[in-house]
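Here is how the chains run, residue by residue.
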Amino acid sequence: MRPDVKICGLKTADAIDAALAGGASHVGFIFFEKSPRTIASEEAGRLRQAARGRAKAVAVTVDADDAFLDGIVAAMAPDMLQLHGQETPARVAEVRARYRLPVMKALAISEAADLAAIAPFLGVADRFLFDAKPPKDAVLPGGNGVAFDWRFLATLDPGVDYMLSGGLDAANVGDALRLAHPPGLDVSSGVESAPGVKDTGLIADFLNAVRAARAGEAA
């Protein structure tokens, strides 16, 4: 399936199976205690086994120190690390070198000018994740079900590899693809029946909607 699609915040075998059955290219596990999607590294390590050879397993952290990351990498053996906090380009480089894994850096977007934050990370991060800036009272840096104007991304240099996140669901993902043509998509709250509770039907609907939108573009 193109674009790449990551189903993030997974915590159950059923949700993993639905993501893989629908053709997701990435499955994400969140390690942030304030999130309703947080998971223990040992459990993530068990669940990610189903994805081997089928999808890349991504460990999502927020301003994590080396000791915390050491534990995740040892227990889960992720294919990629996603840094979703205020990590600097230097910190991204440190993490990439320490674990010899590709790193995806999340950046918060609310207006076109926010895309300038990409520049210091070019050549440092392997990929970007563009998420909507969280509401002022939010405790989570992502997974808030908030979208930004996807048209901003249409002007990006085609060489910038990224995943689009924030407020996506089966009803609007076709619009996101049409307006921004992102090389990757990331969904979490848009495939949940309640915060942190993945719905296998909604996962299937989302992946089917991506497939239908791509088929429509090709027709």
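Calculation notes
- Residues numbered from 1 in each chain as written.
- Predicted model: local features only at pLDDT ≥ 70, side-chain atom pairs only at ≥ 80, totals over all residues.
- Heavy atoms only, no water.
- Helix = DSSP H or I, 4+ residues; strand = E, 2+ residues; numbered from the N terminus.
- Rg over C-alpha atoms; globule rule 2.2 N^0.38 Å.
- Buried < 20%, exposed > 50% of the residue type's maximum accessible area, 1.4 Å probe, protein only.
- Contact = heavy atoms within 4.5 Å.
- Areas by Shrake-Rupley, 256 points an atom, 1.4 Å probe, with all protein chains shown as cover.
- Lys, Arg positive; Asp, Glu negative; His and termini not counted.
- Charge placed at Lys NZ, Arg CZ, Asp CG, Glu CD.
- Phe/Tyr/Trp six-rings, centres within 6.5 Å; stacked < 30°, edge-to-face > 60°.
- Core = buried A, V, L, I, M, F, W, Y, C linked by side-chain atoms within 4.5 Å.

Draft legend 1. Structural context of the overall build of the protein chain. Each helix and strand counted, the protein chain has six helices and ten strands in total. Compactness check: the protein chain gives a C-alpha radius of gyration of 16 Å against a globular reference of 17 Å for 219 residues, within 12% of the reference. Judged by the C-alpha coordinates and their principal axes, the protein chain covers about 50 × 40 × 35 Å. Taking all 219 residues of the protein chain together, 50% fall into the buried category. For the protein chain, restricting intrachain contacts to residue pairs at least 6 apart in sequence, the fraction spanning at least 24 positions comes to 56%. Surface accessibility of the protein chain: about 9,600 Å² in total, with carbon and sulfur atoms responsible for 53%. With 23 positive and 28 negative side-chain charges, the protein chain shows a separation of 3 Å between the mean positions of the two kinds.

Draft legend 2. Representation of the packing of aromatic side chains within the structure. Per the stated rule, a full pass over the model turns up two aromatic pairs. Here phenylalanine 128 and phenylalanine 130 contribute two aromatic rings whose centre-to-centre distance is 5.9 Å and whose plane-to-plane angle is 15°, an arrangement assigned as stacked. The same class applies to phenylalanine 128 and to phenylalanine 130, which are both buried. Members of the aromatic cluster, each reached through a chain of ring pairs, are Phe128, Phe130 and Tyr162.

Draft legend 3. Fine view of the nonpolar core. Ile7, Phe29 and Phe130 are the most contacted members of the largest nonpolar core, which has 61 residues in total. Here this core takes six residues from helix H6 (residues 200–218), the largest share from any one element. When near neighbours in sequence (up to four residues on either side) are disregarded, phenylalanine 29 contacts Leu10, Ile16, Ile39, Ala44, Leu47, Arg48, Ala57, Val58, Ala59, Val60 and Met76. In terms of nonpolar packing, the next biggest core, distinct from the first, is built from eleven residues, Val58, Val60, Met104 and Ala106 among them.

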